[in-house]
Amino acid sequence: MRAHEAGALHGDIGVRGPAWLRPPADVNALVPQLWPRNVMRGGDGVLAVAGLGVRDIAAEFGTPVYVLDEDDLRSRARDFRAAFDGVDVYYAGKAFLCRAVVRMIAEEGLHLDVCTGGELATALSAGMPPERIGFHGNNKSVTELSRALDAGVGRIILDSFDEIGRLTALARERGVRPRVMIRVTVGVEAHTHEFIATAHEDQKFGFSLAGGAAAEAAFRVLDEGVLELRGLHSHIGSQIFDASGFEVSARRVLGLQAQIRDARGVELPELDLGGGFGIAYTTQDDPAAPQDLAKRLRRIVEAECAAERLAVPHLSIEPGRAVVGPAVFTLYEVGTVKDVDGIRTYVSVDGGMSDNIRTALYDASYSATLASRASAAEPLLARVVGKHCESGDIVVKDEFLPADVQPGDLVAVPGTGAYCRSMASNYNHVPRPPVVAVRDGQARLIVRRETEEDLLALDVG
């Protein structure tokens, strides 16, 4: 269901749920691909992560709380590094960034992509080597670019002619030669939601390939001679399961690489294919393993380079969601259970769109499970909703929970590591939840819960 601006009565209603959602044979069973690798249900029926029960987590840290399976995140980072051997793997920090996560991905050998001054400050404060940082963004300010140059970031991805001029002037002033890439919009619209498909022409990111802006940008950087042009960058969207989009993108961007070679006699040494690799939010999602992705992307690039008589460039990719997304679940406490005239059962929890805006913003689908106990009750098709003053405040649109779900129960929603805490807000003056990392049965706070005092401290009126 898509929330209607005029209210819930104007939206689609019904109790059948989506066609792909089937009543489970066991309402207590977990679907493994949806959960962090160290999550399981104990003999007492309580969900546990790395041996620590969610009741204990809730008792110590409160709810709602984002729970990160640290070994799961680290293993996913290692999986990408191993699968893409010889390729620079940049963790896309916009998915979720804090100093503890920066240290984790640095220790596992990944690079880091940032797109604002705040993300750059977080990366540097956590000790990420600046040469392993890439700086994205469609409107980088003079202050942000200056900080990147002064820190010595490894590469800056150029996104506009204004930025080329801005960075060129700053580099001249400092007598430095920063490494840059040109972000190319290649006209490929990934099979994804309209709002998160970023490579079609009518959008704010990058230089258009079809209109000739991408070639002009590359020529301008090369002719000016101040910035070191390392290569081209293409990102076609998010939550992608079909590699065909990458094939078309690689063909077009390598065609531009050949055009640059023919016009200026320069064969650029690098190529970034972006990220956007999908994860499983529900049973309808079937993401590819990093090993399969690596084989397919290498094969695509090698074939297109051969066709253009280009040397295979040094590759880089930018997974974010695929590393952190599955490693986190959000734990809520149920406050009310409301049957609305046999139309639908609403299970209201103590969070909502302030800690997960994706359902309202992208019409995203999630799963959920009763986490604090097992149940012998029949499955009940329910909608998990938040506490905010919006009819569209939906966390999980449709899910089978036990029919005896009740106030005080804990409900866990998997797949919330990416774009949940990073896009969280204080809507209705609700403080943002903490992030807790669990490893070997021990929990540690890595982002503390906001308090009402925090909110009031910003209010200087």
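See the structure above.
Report on the accompanying structure. This is a predicted model, so every value here is computed, not measured.

1. Overview of the pairing of strand E8 (residues 155–158)
Link 1 in the chain: Alternating positions in E8 separate into two faces, Arg155 and Ile157 on one and Ile156 and Leu158 on the other, with burial throughout.
Link 2 in the chain: Taking the sense of rotation as the criterion, the β-α-β connection linking strand E7 (residues 133–135), helix H5 (residues 142–151) and E8 turns out right-handed.
Link 3 in the chain: With 3 bridges connecting them, E8 and strand E9 (residues 179–185) associate as parallel partners. From the neighbouring strand, Leu158 faces E9, where its bridge partner is Ile182.
Link 4 in the chain: At this point the chain moves from E8, through helix H6 (residues 161–174), to the parallel E9, and the crossover so formed is right-handed.

2. Overview of the pairing of strand E4 (residues 65–69)
Link 1 in the chain: Counting buried positions along E4 yields 5 of 5 residues, so the element is predominantly enclosed.
Link 2 in the chain: Alternating positions in E4 separate into two faces, Val65, Val67 and Asp69 on one and Tyr66 and Leu68 on the other, with burial throughout.
Link 3 in the chain: Where E4 lies against strand E14 (residues 328–340), 4 bridges are found, and the strand directions are antiparallel. Considered in E14, the bridge of Val67 is made with Phe329.
Link 4 in the chain: One ladder, built from 4 bridges, connects E4 with strand E20 (residues 435–439); its direction is parallel. Directly across from Tyr66, in E20, lies its bridge partner Val435.

3. So, the packing of aromatic side chains
Link 1 in the chain: One pass over the structure, following the stated rule, counts 5 aromatic pairs.
Link 2 in the chain: Arranged with centres 5.1 Å apart and planes meeting at 70°, the rings of Tyr281 and Tyr366 form a pair that is edge-to-face. Of this pair, Tyr281 sits in the loop between strand E12 (270–272) and helix H9 (290–308) while Tyr366 is found in the loop between helix H11 (358–362) and strand E16 (369–370), placing the two residues 85 residues apart along the sequence.
Link 3 in the chain: Look at Tyr366 and you get buried, because its relative accessible area is 2%.
Link 4 in the chain: Taken together, Phe80, Phe84 and Phe277 form an aromatic cluster joined through their ring pairs.

4. With respect to the environment of Ser244
Link 1 in the chain: With respect to the helices and strands, Ser244 occurs in helix H8 (residues 244–264).
Link 2 in the chain: In this structure Ser244 comes out as partly exposed when scored by relative accessible area, which is 31%.
Link 3 in the chain: Distance in space between the C-alpha atoms of Ser244 and Ile300 is 9.4 Å, their sequence separation being 56 residues.

5. Some details on the environment of Ile317
Link 1 in the chain: Looking at where Ile317 falls in the secondary structure, it is placed in strand E13 (residues 314–317).
Link 2 in the chain: Along the primary structure Ile317 and Val49 are separated by 268 residues, whereas in three dimensions their C-alpha atoms are 30 Å apart.
Link 3 in the chain: Among all residues touching Ile317, those that are not within four sequence positions of it are Phe80, Phe84, Val87, Asp88, Val89, Tyr90, Asp272, Gly274, Phe277 and Leu297.

6. Describing the packing of helix H2 (residues 70–83) against helix H3 (residues 99–107)
Link 1 in the chain: In the contact formed by H2 and H3, the axes pass within 9 Å of each other and the chain directions differ by 40°. Taken together, H2 and H3 sit at an angle that is classed as oblique. Of the two elements, H2 crosses H3, and the hand of that crossing is right-handed. Residues Glu70, Leu73 and Arg74 of H2 pack against Met104, Ile105 and Glu107 of H3.
Link 2 in the chain: Within the contact of H2 with H3, the residues separate by chemical class into 3 nonpolar, no polar and 3 charged.

7. Description of the pattern of salt bridges
Link 1 in the chain: Across all of its chains, the model carries 31 salt bridges by this definition.
Link 2 in the chain: Linking Glu108 and Arg78 is a salt bridge whose minimum nitrogen-to-oxygen distance equals 3.3 Å. In this pair, Glu108 sits in the loop between H3 and strand E6 (111–114) while Arg78 sits in helix H2, placing the two residues 30 residues apart along the sequence.
Link 3 in the chain: Here Arg172 and Glu224 are joined by a salt bridge, their closest N and O atoms 2.4 Å apart. Separated by 52 residues along the polypeptide, Arg172 in helix H6 and Glu224 in helix H7 (residues 213–224) bring together distant segments of the chain.
Link 4 in the chain: Taken together, the shared-partner salt bridges in this structure form one network comprising Glu70, Asp71, Arg74, Arg78, Glu107, Glu108, Arg439 and Arg444.

Rules behind the numbers
- Residues numbered from 1 in each chain as written.
- Predicted model: local features only at pLDDT ≥ 70, side-chain atom pairs only at ≥ 80, totals over all residues.
- Heavy atoms only, no water.
- Buried < 20%, exposed > 50% of the residue type's maximum accessible area, 1.4 Å probe, protein only.
- Helix = DSSP H or I, 4+ residues; strand = E, 2+ residues; numbered from the N terminus.
- Right-handed = clockwise from strand over helix to strand, strands pointing away.
- Pairing = 2+ DSSP bridges.
- Phe/Tyr/Trp six-rings, centres within 6.5 Å; stacked < 30°, edge-to-face > 60°.
- Contact = heavy atoms within 4.5 Å.
- Axes fitted to C-alpha atoms, helices over the stretch in contact; angles between N-to-C directions.
- Parallel < 35°, antiparallel > 145°, perpendicular 65-115°, else oblique.
- Left-handed = near helix turned anticlockwise from the far one by under 90°.
- Nonpolar A, V, L, I, M, F, W, Y, C, P; charged D, E, K, R; others polar.
- Salt bridge = Lys/Arg side-chain N within 4 Å of Asp/Glu carboxyl O.

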